[in-house]
Protein chains: 2
Amino acid sequence: MERSFIKPMDEYQELRINFDRFKKRLNEINRIGAMEGGGVCRLSLSDEDKAARDLLKRWTQELDIELEIDQIGNMFLTLPGETNEPCVMTGSHLDTVGTGGLFDGPLGVLGGLEIIETLRENRIRPKRTLKVANFTNEEGVRFTPDMMGSLAFKKGISIDELHGIESVDGKVLLGDELIRIGYKGKFEPGHFPVSAFVEIHIEQGPILENEGLNIGAVTKVQGIYWTEYTILGRAAHAGTTPIELRKDAGLVAAQLTAFVREKANELDGVGTVGITEVSPNLINVVPEKVRLTTDLRHPEKEKLKKFQSEVDEKIKALCDQENTRFERKERVRFDPVDLSGEVAGAIQEQAQKLGFSSKRMISGAGHDAQMMAAICPTSMIFVPSVDGISHNIEEFTKDEDLDRGINVLLHVMLDLANR
Amino acid sequence: MERSFIKPMDEYQELRINFDRFKKRLNEINRIGAMEGGGVCRLSLSDEDKAARDLLKRWTQELDIELEIDQIGNMFLTLPGETNEPCVMTGSHLDTVGTGGLFDGPLGVLGGLEIIETLRENRIRPKRTLKVANFTNEEGVRFTPDMMGSLAFKKGISIDELHGIESVDGKVLLGDELIRIGYKGKFEPGHFPVSAFVEIHIEQGPILENEGLNIGAVTKVQGIYWTEYTILGRAAHAGTTPIELRKDAGLVAAQLTAFVREKANELDGVGTVGITEVSPNLINVVPEKVRLTTDLRHPEKEKLKKFQSEVDEKIKALCDQENTRFERKERVRFDPVDLSGEVAGAIQEQAQKLGFSSKRMISGAGHDAQMMAAICPTSMIFVPSVDGISHNIEEFTKDEDLDRGINVLLHVMLDLANR
C-alpha cells in the first residue's frame, strides 16, 4: 500500500466514511428477519441469523477481507496492520431481540466493515491490525446468558459448557445449532490479543437527544440485577373477606413496585418492575399469587447491592404484614464495569476535531464492550436514539447521527491503531 | 291436613328437617356440572343449568308440589297455606360461577324444598302460602346483569329487554336460550305478592367461623362499585431510560392498588384490585399499559361514593405525576341495600330457641335477597364458610352448619307464615 500510518494523524483529518455504502449494507442486512411495521427479528443461531452471517461472509469474500470464525461462532474481519502489535478491535452483533429495531447491533458490525473499506480504498495501512467482530448471541433471547460471544472471547466460560447450553424452549443444544447453521469455527475463543476495543452503538436511551448532543463516550456500564419473586397469598371473595383477614398477593406486589421506584430515586439508580402476573386475575377475587420481576441497575456496585438487599428486606416485611410469603429466584447478576477513561478521552477528542458535541456517559444497558473491558482498554461510542426507544420496532437513529458516530469511530480506530 | 298453623308456634318447637334427605338431593344436584377436584360449573341457561332445573322439576312432580315458571325462567315451588294472604318466600339459585362451589345457591333452593317436605310430612299447613324460588342467573357469568331473575321479579327491568340480552361471548340471545332449554314460562315476573322473603346462603366470608358463631342474620347488603381503568404510559428500556423521563403505567397501577387498600381501611369498607394486566410484561421494559379493576364496597352509600371519587381523583393525580393518562369504564354500580331488622330479629329469635349462637351482619356479596328487599321485608340467614372460601372449588360448609341453618330457616318461615 502506498500510504502507511507512519505518516502523521493530521494527514487523515479530512478522511470520511462512505455513508451511503454503509446505509445500503444496513438496509440489506435488515431485510433479513424484517417484521411488518419496521422491526427485525433475528434471534441468535436461527435461520435469520445464519442468513445475516452468510451475507456478511459474502461481503468479506467480495472485498477479499480475511474472515476468522471461532468455536462459538464469533466472526472477525481483519484489516492487516504494518506491525504485529496486538490489534485494535471494534464490533458488535447481528442478532436481535424478538421485536428488535434496525440499529441495535448491526450498526457496530457494519460500521466496522465500512471503516475497513474506507481505509482500504484510501490505501491507508494502520500500524496495528484492525479487527471487526460480529459477536454471537449478544441478546440472549434464544440461549442464555446474553453477551455470550464476548464472554467466551474473554475466556469467561468454557467452550464445552457453552456448546451444552439448551435453547430457552428446551428443543436444541447451542453446539448443535452452531453446526447446523455452519458457524462452529475452528479457533478457540480469544485466539488473538487485543490492545483496545471500541464499540459503536445506539444509546437506547433519551439522554443525548434530550441534551442535544451528538456523541456519548462511555466510561462505565452500570450493573444489572434481575430477580424474580413469586408472592403467595390466598384467593378470597372481594366482598365478603374483611381487610384484616386478607392475604392479598396483589397488594404486596403493588407496594413492592412503589418501593422500587422510591429506592431508585433515593439511590440515584434505576429500578423497574417489568413483569407482573396476577392469578386468578378476576375482578372480585383477592389475588392469590403474583409473579413479578425487578430489574435494578446502578453504576456503583455497593449501591446496587444495597438497592437489591433493601428490596429483599422490603418484600419480606411486606409479606409479613399481609400474612403472605414469597419465593425468590436470582436471574441475572452483572456488577458494574468500568470502561477506559483513556479510550473515552480519545473518543471525545476525535469528536471535537470533527466538530461534534459529546459527553462522557454511563451505559444503562449491557454490551459486548463490558466483556472486552476485562482484557483491554475499552470504551463505547453512543449515538442518539429518537425518544430513547429501543428493543422495539420503532427504534430509530437519524442518518446524520449514524454518520457522525461512524466517522468518530474511524478516527478513534486510526488514533488507537497508531499508538 | 290434620294440623293447621292456627295452633300455637310452641307446638312445633321440636320440628326438625331431614338433613340426610337434603344432603342427598344436594349431592345429586352437584353431580350436574361436577368438576374434577370437587367444584361445579353450572352457568346460567347452559345444558347443566337445564339438567339441574329438570331434576328440581322431577322432584316437584314426584312430590306433587305445584311449580310455576315465569318468563325469565324463575321457578317457584308452592306449599299452599290456609289463607290467601300474600305468601312468605325463600329461595336462591341453582346456577354457579365457572369454578363454583357446592353450596353457593343450591343451599337456598334445596333448603327451601326440604322445608316444604318437612312441613308436608308433618302435615303442617301454615297460615300463609310458602314459596321456594330458583331465581334465574344470579351469578351473571354468561349473561349480565347478575341477580337477573330477582331483578325481573321486582320489575326492575322489562322482560323484552331481558330477552334481548346477548351472552357475554356474543353468540346467543337470552330469550333464545330460555326457549332452547325449555324454561321460558308463561307468568309475567312478579306475578304474585310476597309478604316476606328469607334467603339462606353460605356466608362466603370468614366472620362467623372466626367468631365461632352459628348463624348470621343479615341486615344489610353492602354497595358494590366495579370500575375498569386502563393506564397508558410508554414502553421504554429499563436500563437506559432515566427515572424522570419514564411514563411507567405499572408504577401508577401499583400506587393506585396501594391507595385502594389505604382508603378501604380509612373508610372502613373493602377495596380490591383483582385484575392487573401489564403489557408488554417483559423483565427489562418499562410497562406501557396496564388494565386494572377496582372492586369497592361499603354498607353506606355516601361513603361508597366518597371511596369511588377518591380513587378517581387519585388515579388522575398519579397519572399527572408520571406523565401517563387513563381511560375509565364503569362496570357495576350497586348501592347498599337495607334489609329488614324485623326479619333479622325473627332469625335471631329462632336461632336462640334452637340453641344456636348468632349475630347481625352485613352481606359483603350481592344476593337475590337485595332485589326482594325492594318489595317486601327481607333478610338472609348466613351459615359459616370454612376459611371464608367461596366461588372456588374448595368452598365448604360443614354438615352441622347446613343443618342448623336450614332448621333456623324452617322456624323463621313458620313464624313469618303465621303472622
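Because the structure is predicted, anything quoted here is derived from the model rather than measured. (Residues numbered from 1 in each chain as written. Chains lettered and ligands numbered in written order. Predicted model: local features only at pLDDT ≥ 70, side-chain atom pairs only at ≥ 80, totals over all residues.)

Trainee: Describe the overall build of chain A, and please don't skip the residues or the numbers.
Mentor: Of regular secondary structure, chain A possesses twelve helices and 17 strands. The C-alpha atoms of chain A give a radius of gyration of 23 Å, which matches the 22 Å a tight globule of 419 residues would have. For chain A, with 419 residues in total, the buried portion stands at 55%. Residue pairs in contact within chain A that sit at least 24 positions apart in sequence constitute 79% of those at least 6 positions apart. (Helix = DSSP H or I, 4+ residues; strand = E, 2+ residues; numbered from the N terminus. Rg over C-alpha atoms; globule rule 2.2 N^0.38 Å. Buried ≥ 20, exposed ≤ 12 C-beta atoms within 10 Å, placed from the backbone. Contact = placed C-beta atoms within 7 Å.)

Trainee: Could you give me a rundown of the confidence of the model for chain A, with the residues and numbers involved?
Mentor: Overall, the prediction assigns chain A a mean pLDDT of 95, with 98% of residues at 70 or greater. Of the two predicted TM-score estimates for the complex, the pTM is 0.85 and the ipTM is 0.85. (pLDDT = per-residue confidence, 0-100.)

Trainee: Can you tell me about the domain arrangement of chain A, naming the residues and giving the values?
Mentor: Each domain of chain A was delimited in the assignment, giving domain 1 (3–222 + 336–417) and domain 2 (223–334). Each partner contributes to the interface: domain 1 of chain A provides six residues, whereas domain 2 of chain A provides ten residues. (Domains from an automatic or database assignment.)

Trainee: Talk me through the packing of helix 8 (residues 249–267) of chain A against helix 9 (residues 301–321) of chain A; I want residue IDs and the actual numbers.
Mentor: Residues and elements named next belong to chain A. Direction vectors running N to C along helix 8 and helix 9 enclose 155 degrees, while the axes themselves pass 10 Å from each other. One finds that helix 8 runs roughly antiparallel with respect to helix 9. As helix 8 packs across helix 9, the resulting crossing turns out to be right-handed. Of the residues in helix 9, those touching helix 8 at V252, Q255, L256, F259, V260, K263 and L267 are K303, K306, F307, E310, V311, K314, I315, L318 and C319. Grouping the amino acids of the contact of helix 8 with helix 9 by side-chain chemistry returns ten nonpolar, one polar and five charged. (Axes fitted to C-alpha atoms, helices over the stretch in contact; angles between N-to-C directions. Parallel < 35°, antiparallel > 145°, perpendicular 65-115°, else oblique. Left-handed = near helix turned anticlockwise from the far one by under 90°. Nonpolar A, V, L, I, M, F, W, Y, C, P; charged D, E, K, R; others polar.)

Trainee: Tell me what's going on with the interface of chain B and chain A, and back it up with residues and numbers.
Mentor: Taken together, the contact between chain B and chain A spans 50 residues of the former and 50 residues of the latter. When residues of the side of chain B that touches chain A are assigned to their parent elements, the largest contribution, nine residues, is made by helix 8 (residues 249–267) of chain B. Considered class by class, the residues forming the side of chain B that touches chain A number 24 nonpolar, 22 polar and four charged.

Trainee: How would you summarise the relation of the copies chain B and chain A if you had to cite specific residues and measurements?
Mentor: Each copy of the chain is related to the other by a rotation around an axis and a translation along that axis. Each copy superposes on the other: chain B lies on chain A with an RMSD of 0.1 Å after a rotation of 179 degrees and an axial shift of 0.1 Å. Both copies are brought into coincidence by an operation consistent with a two-fold rotation axis. Looking at the rotation axis and the C-alpha trace of chain B, the residue lying nearest is A254 of chain B, at 2.0 Å. In this assembly the copies share their binding face: 100% of the residues contributing to the interface of chain B also contribute to that of chain A. (Least-squares fit on C-alpha atoms with pLDDT ≥ 70 in both.)

Trainee: Explain the environment of I275 of chain A to me, using residue names and the numbers behind them.
Mentor: Note on placement: I275 of chain A falls in strand 11 (residues 270–279). When residues no more than four places from it in sequence are discounted, the contact partners of I275 of chain A are R291, L292 and T293 of chain A together with N281, L282 and I283 of chain B.

Trainee: Report on helix 8 of chain A, specifying residues and quantitative values.
Mentor: All names here are of chain A. Here helix 8 contains 19 residues, and its C-alpha end-to-end distance of 27 Å stays within 8% of the 27 Å for a straight helix at 1.5 Å per residue. In terms of residue burial, helix 8 counts as a mostly covered element, since 14 of its 19 residues are buried. Once helix 8 finishes, D268 follows within two positions and takes phi at roughly 60 degrees, a positive value. (Expected span 1.5 Å × (residues − 1).)

Trainee: I'd love a proper account of helix 10 (residues 341–353) of chain A, names of residues and values included.
Mentor: Residues and elements named next belong to chain A. The end-to-end C-alpha distance of helix 10, which contains 13 residues, comes to 18 Å, matching closely the 18 Å that a straight helix rising 1.5 Å per residue would cover. Every buried residue belonging to helix 10 is among V343, A344, A346, I347, Q348, Q350 and A351, and all of these are buried. Packed against the buried residues of helix 10 are strand 7 (194–202), strand 8 (215–221), strand 16 (358–363), strand 17 (378–383) and helix 12 (399–417). One or two positions beyond helix 10, positive phi appears at G355, with a value near 85 degrees.

Trainee: I'd like to hear about the pairing of strand 8 of chain A, residue by residue, with values.
Mentor: All names here are of chain A. Here strand 8 lies mainly inside the structure; seven of its seven residues are buried. Of the pairings in the sheet, the one linking strand 8 to strand 16 comprises six bridges and is parallel in character. Looking at the pairing, V218 lines up with M361 of strand 16. Relative to strand 17, strand 8 runs antiparallel, the two being bridged by three bridges. Looking at strand 17, one finds that V218 is bridged to M380. (Pairing = 2+ DSSP bridges.)

Trainee: Could you give an account of the packing of helix 8 of chain A against helix 8 of chain B, with specific residues and numbers?
Mentor: Running from N to C, helix 8 of chain A and helix 8 of chain B point in directions that differ by 125 degrees, and their axes come no closer than 8 Å. As judged from the angle between their axes, helix 8 of chain A and helix 8 of chain B are oblique. Of the two elements, helix 8 of chain A crosses helix 8 of chain B, and the hand of that crossing is left-handed. Residues G250, L251, A254, Q255, T257, A258 and R261 of chain A of helix 8 of chain A form the contact with helix 8 of chain B, whose own contacting residues are G250, L251, A254, Q255, T257, A258 and R261 of chain B. For the contact of helix 8 of chain A with helix 8 of chain B, a count of residues per class yields six nonpolar, six polar and two charged.

Trainee: Quick one: what's the story with the environment of I243 of chain A, residue by residue and with numbers?
Mentor: Examined against the element boundaries, I243 of chain A turns out to sit in the loop between strand 10 (236–237) and helix 8. A tally of 16 C-beta atoms within 10 Å means that I243 of chain A is categorised as partly exposed. C-alpha of I243 of chain A to C-alpha of V408 of chain A: the two residues are 165 residues apart in sequence and 61 Å apart in space. The residues touching I243 of chain A, leaving out its near neighbours within four places in the chain, are A264, N265 and V270 of chain B.

Trainee: Residue-level account of unusual backbone geometry, with values.
Mentor: Of note, the bond from T144 of chain A into P145 of chain A is cis; its omega dihedral lies within 30 degrees of zero at 5 degrees. Here P145 of chain A lies in the loop between strand 6 (130–134) and helix 4 (148–153). The step from S279 of chain A to P280 of chain A runs through a cis peptide bond, and the omega angle for that step is 5 degrees. The phi torsion at K155 of chain B lies on the positive side, around 60 degrees, for a residue other than glycine. By the C-beta count within 10 Å, which is 13 here, K155 of chain B ends up partly exposed.

Trainee: I'd like a description of the environment of A344 of chain B, backed by residues and values.
Mentor: Residue and element names in this part refer to chain B. Within the secondary structure layout, A344 lies in helix 10 (residues 341–353). Note: C-alpha distance between A344 and E117 (227 residues apart in sequence) is 24 Å. Once residues lying within four places of it in the same chain are set aside, the contact partners of A344 are A217, V218, T219, L339, R360 and S379.

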